[in-house]
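# Examining the three-dimensional arrangement
Residue strings, one per chain:
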Amino acid sequence: MTNAANERVLVLDFGSQTAQLIARRVREQHVYCEIVRHDITAARLRELDPVGIILSGGPNSVYAPGAPQCDPELFELGVPVLGICYGMQLACKALGGEVTSCPSREYGRSHCDVVDDADLMADVPASTEVWMSHGDQVTAIAEDFSPLAKTKTCPFAAVRHKRLPIYGLQFHPEVTHTVAGKTILGNFVKHVCKASGAWRLGDFAEETINKVRETVGSSRVICGLSGGVDSAVVAALLYRAIGPQLSCILVDNGLLRKDEAAAVIDEFSRHFKTDLHVVRAEDEFLNVLAGVSDPQEKRRRIGKTFIDCFKAEALKIDDARFLAQGTLYPDVIESGAAVDGPADTIKLHHNVGGLPAELGFELIEPLRDLFKDEVRQLGLQLGLPPEIVWRHPFPGPGLAVRCLGEVTREKLAVLREADAIVVGEIQAEGLYRATSQSFAVLLPVQSVGVMGDSRTYENTVAVRSVNTDDFMTADWSHLPHELLSRISTRIINEVQGVNRVVYDISSKPPATIEWE
Ligand code: XMP
């Protein structure tokens, strides 16, 4: 491990919606950052030896019964601390200040005036826009503190301790609406924490490659390929690490997007010359799906069949000891599995495509410290083509959950063509990267139409395109009307059996991204 890799900032998570964003922003400063539980002990912090500690925001009032607290000894460690919103209130209260409930919750943009442009606020314009989201605020600071910035309603928008390296911000520097947020976080990690800013994803990849080599020795590793970016990056990384000791398995379930299996096969047999096992299982999947229209039952059957197919192939591979998976950092945090991770499990995972422990392999998860956009950067660095790296996410049960009701070969063929038109047109418009997930859904709805002189009674395709950061909430993409018009015309003209196209303008919540 290099020094830069050892140099890390820890974010104590008090239940904030933006804890991951804070960590991402710190990593953008080239300082490694991890999220830990809010109640981590000072002793454990000493062991972890961070260069800085950030106390996140949170939904509670510091006075609420059972409100999450931190180990008060944390303020005596001599390690720089930045409290954000709830984190600031906690720090100020612990060190003699007063926190009071505001008459009304302050939410949104505020003008902030810098009153002291020393270290934390260096290079921040004297008047700047910040993002507030709080019910309580610090109304009195202890003598040891001094104000750094204020807004009209918030006398202590930014504060610092006079002797200790302890800072507080009532606003959220991690969100882009805080114009100088990046400067402020940069000041904290570079000037206050004195981090070298030498952490690089490339070095991380090299370290991970070395770790994988050490762990694996001369054993064989199996890696499942799905067509998605995560599994592709895992495979590319492992190929770099252990080359011929890697065996990849692609289960072609007949539910993939147009040309998807072919692209993956081409990439991993031609470019990366891996030992690639392709399981052609379309018939098997369609058989178990025949006559089933309940979405959960479809998912269950696909999940089980996937495991059966994968297992049968994996058992044919001699001397395989490890199974590589594309688990990412948000999965690790949200499942509560991170060492010192946040207390609550926030997200219920879609588990289709997951492989059970009973397969008997030891698990390696080389991406478990990375965020999705870092995985994409890494993929490009490892030489994966942009088409794979930037492909929109795709659910494990594939087109089956976009072919509403019973899944048949014929319906899948219609859906696959319509989907390729949606994606192709959005790409041609240059909007593929600006949208998060765009696809077609085949509805179990026929309607009347006219084509030429004759009456038709055919299928409906729904176009879905969403913008989202985290896939837990999403807005529908405001695509140009001309683009929607081209998509509709092409689908109706080119895809046999479709005479109507509709655009889905629901956000999540209350709708979901997928239709099933
Ligand atoms: P929803 O529809 O829940 O989707 O808003 C959120 C994200 O999860 C993907 N998704 C799945 N992924 N197996 C998966 O691997 C599934 O069963 C599944 N269902 C939804 C969805 O495509 C979106 O990116």
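Residues numbered from 1 in each chain as written. Predicted model: local features only at pLDDT ≥ 70, side-chain atom pairs only at ≥ 80, totals over all residues. Heavy atoms only, no water.

### With respect to the pattern of salt bridges
Tallied over the entire structure, the rule returns 35 salt bridges. With a shortest N-O distance of 3.0 Å, Asp119 and Arg160 are connected by a salt bridge. You can see Asp119 sitting in the loop between β5 (98-114) and β6 (127-140) and its partner Arg160 sitting in strand β8 (residues 158-161), a full 41 residues away along the chain. With a closest N to O distance of 3.1 Å, Glu425 and Arg486 form a salt bridge. Of this pair, Glu425 sits in helix α14 (residues 409-428) while Arg486 sits in helix α15 (residues 481-494); the two residues are 61 residues apart in sequence, bridging distant segments of the chain. Exposure remark for Glu425: the relative accessible area of 10% places this residue in the buried category. (Salt bridge = Lys/Arg side-chain N within 4 Å of Asp/Glu carboxyl O. Helix = DSSP H or I, 4+ residues; strand = E, 2+ residues; numbered from the N terminus. Buried < 20%, exposed > 50% of the residue type's maximum accessible area, 1.4 Å probe, protein only.)

### Remarks on the site of the ligand
Taken together, 12 residues are adjacent to the ligand, and Arg299, Gln437, Lys508, Ile513 and Glu514 come closest. Arg299 is positioned with one of its side-chain polar atoms (N or O) 2.7 Å from a nitrogen atom of the ligand. Lys508 is positioned with one of its side-chain polar atoms (N or O) 2.7 Å from an oxygen atom of the ligand. Calculation on the ligand without its partners gives an accessible area of 490 Å², and the protein chains cover 85% of this total. Considering only residue class, the shell around the ligand consists of five nonpolar, four polar and three charged. (Near = heavy atom within 4 Å. Polar contact = N/O pair within 3.5 Å; in protein donor to acceptor, adjacent residues only side chain to side chain. Areas by Shrake-Rupley, 256 points an atom, 1.4 Å probe, with all protein chains shown as cover. Nonpolar A, V, L, I, M, F, W, Y, C, P; charged D, E, K, R; others polar.)

### Brief notes about the domain arrangement of the chain
Splitting the chain by domain gives domain 1 (8-192), domain 2 (201-390) and domain 3 (409-503). One C-alpha centre belongs to domain 2, the other to domain 3, and the line joining them spans 29 Å. Taken residue by residue, the interface counts 12 residues in domain 2 and nine residues in domain 3. The contact between domain 2 and domain 3 buries some 970 Å² in all, and 55% of this surface belongs to carbon and sulfur atoms. Here domain 2 and domain 3 share three salt bridges between them. (Domains from an automatic or database assignment. Contact = heavy atoms within 4.5 Å. Buried area = accessible area lost by both parts, 1.4 Å probe.)

### Regarding the sheet that holds strand β11 (residues 246-252)
The strand order across the open sheet built from five strands is β12-β11-β10-β13-β14, with neighbouring strands paired in parallel fashion. Looking at the sheet topology across the chains shown, the edges are occupied by β12 (275-280) and β14 (362-364). Between one strand axis and the next, the sheet turns by 30° as a mean value, whatever way the strands run. Two elements, β11 and β12, share six bridges in a ladder whose sense is parallel. Across the sheet, Cys248 pairs through a bridge with Leu276, a residue of β12. Contacting β10 (220-225), β11 and β12, helix α8 (residues 260-271) crosses the sheet at an angle of about 160° to β12. (Pairing = 2+ DSSP bridges. Axes fitted to C-alpha atoms, helices over the stretch in contact; angles between N-to-C directions.)

### Overview of the side chain of Glu514
Topologically, Glu514 is positioned in the segment after β18 (498-503). Contacts of Glu514, omitting those with residues within four sequence positions, involve Pro395, Val401, Arg402, Gln437 and Phe439.

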